[in-house]
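# Remarks on the overall topology
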Amino acid sequence: MTQENENQLEVYLNGEFVPENEAKISVFDHGLLYGDGVYDTLCGWNGYIFKLEQHIDRLYRSAHTIKMQIPLKKEELLEKVVEVAKRSKQKNLYLKCYITRGYSEKPLLDPRGCVPTVVIFGKPYLWLLDSEKSEKGITAKITNIRRTPDQCLDGKIKNLNYLNIIMAKMEAIESGYDEAIMPGLDGSILEGPGYNVFMVSNGKVISPPTENILVGITRETCFEIAKEIGLESAEQKITSHDIYNADEVFLSSTAGGVIGVREIDHRMIGTGQTGPVTKRIRENYFKRLENGVNGTKYL
Ligand code: PLP
């Protein structure tokens, strides 16, 4: 490794581990040309990768639906993710694995003949929002941009087409809010840019049903925690009226954990700070990560 590469983490790219600045793919790659590919984001915490198998399973399900053959067996890909994490030497790590349809001689829409590109990289843990804000609670806007419905592209496919989500994020930020909450075509609350949404009402922890959303692994963990601490929970349609009047609202994501929402569309939520149930779930979540619960050790 040259001196220039010394501080760079290693990226897995199509069978090799290379320094970040040497990890290059073709400008003709279908992932770039058409957003044609799938991905998953994982995290390493205190040297453990949280729910590794679940993330890899989700990635393979996404690839299966878009009829893309990942050129590695599940166990092999899993090993490569662990190896990238190990080589990073970072105890708290943001990990991403993406597979694009890849390169073909003709850079046209027809995916036949494409050879998939496999990339796994790690970065010192990245928070979707700064960690202090995440703890205190954030402001959010229910965006005019609607989440793509399942009838057009199933939200359960974690795919490389995030323009709809990025536009919502831009709308919220440009309007002076920290984050976006996206409604569906019917106006009901669905999810955020990289988050699932929860509200707490009369002690019950509620998240929208799995239609038209990405079913988050952190979301699943929040439901597990709610059960463990004896709270009732449900998957239930949420309207903007419901969420404005909730006792607490929080977001869940691999990149940020559990994040309180203190205000939506200039309506104060509950007492206007991260609520007590959210705090308990957040603390329990990070404790699980810290202690390697459902974790795969890499350091
Ligand atoms: N919703 C969307 C659209 C996402 O992209 C993500 C994660 O990237 C999530 C929700 C949260 O999923 P997870 O908890 O598995 O990180």
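The following refers to the structure shown. The model shown is predicted, which means the values in this text are computed figures rather than measured ones.

### Quick notes on the pattern of salt bridges
Evaluation of the coordinates by the stated rule reveals 21 salt bridges. In this structure, aspartate 110 and arginine 112 form a salt bridge, with 2.6 Å as the shortest nitrogen-oxygen distance. Residue classification places aspartate 110 among the partly exposed residues on the basis of a relative accessible area of 34%. Residue classification places arginine 112 among the exposed positions, given a relative accessible area of 68%. In this structure, lysine 133 engages aspartate 178 in a salt bridge whose closest nitrogen and oxygen atoms are separated by 2.7 Å. Remark: aspartate 178 occurs in the loop between α5 (163-174) and β8 (179-183) and lysine 133 occurs in helix α4 (residues 131-136); sequence separation between them is 45 residues. Classification of lysine 133 by relative accessible area gives partly exposed; the value is 34%. For aspartate 178, a relative accessible area of 14% translates into the label buried. Three or more residues joined by partner-sharing salt bridges are found here, namely Lys51, Glu220, Glu224, Glu228 and Arg288.

### Examining the nonpolar core
Counting residues in each nonpolar core, the largest one holds 26 residues, and the members touching the most others are Val38, Ile49, Leu77, Val81, Leu95 and Ile99. Beyond its immediate sequence surroundings of up to four residues, valine 81 is in contact with Leu42, Ile49, Leu52, Ile56, Leu95 and Ile120. Listed in part, the 20 residues of the second largest apolar core include Val197, Met199, Ile238 and Val249.

### Describing the sheet that holds strand β6 (residues 115-124)
Within a sheet, neighbouring strands are paired by backbone hydrogen bonds and run either parallel or antiparallel to one another. If you trace the seven strands from one edge of the open sheet to the other, you get β2-β1-β6-β5-β3-β4-β16, paired in antiparallel fashion. The sheet terminates laterally at β2 (16-19) and β16 (295-297), the two strands that pair on one side only. In this sheet, neighbouring strand axes are inclined to one another by 25 degrees on average, regardless of whether the strands run parallel or antiparallel. As defined by bridge partners, strand β3 (residues 37-45) adjoins strand β4 (residues 48-50) across two bridges and the pair is classed as antiparallel. From the neighbouring strand, tryptophan 45 faces β4, where its bridge partner is tyrosine 48. Sheet strands in contact with helix α3 (residues 74-88) are β1 (10-13), β2, β3, β4, β5 (93-103), β6 and β16, and its direction is about 35 degrees off that of β6.

### Regarding helix α6 (residues 217-228)
The terminal C-alpha atoms of α6 lie 16 Å apart, and with 12 residues this matches the ideal 16 Å at 1.5 Å per residue to within 8%. Taken as a whole, α6 has its buried residues at Ile217, Thr218, Arg219, Thr221, Cys222, Phe223, Ile225 and Ala226. Just downstream of α6, glycine 230 is the residue with a positive phi angle, here 80 degrees.

The rules we used
Residues numbered from 1 in each chain as written. Predicted model: local features only at pLDDT ≥ 70, side-chain atom pairs only at ≥ 80, totals over all residues. Heavy atoms only, no water. Salt bridge = Lys/Arg side-chain N within 4 Å of Asp/Glu carboxyl O. Buried < 20%, exposed > 50% of the residue type's maximum accessible area, 1.4 Å probe, protein only. Helix = DSSP H or I, 4+ residues; strand = E, 2+ residues; numbered from the N terminus. Core = buried A, V, L, I, M, F, W, Y, C linked by side-chain atoms within 4.5 Å. Contact = heavy atoms within 4.5 Å. Pairing = 2+ DSSP bridges. Axes fitted to C-alpha atoms, helices over the stretch in contact; angles between N-to-C directions. Expected span 1.5 Å × (residues − 1).

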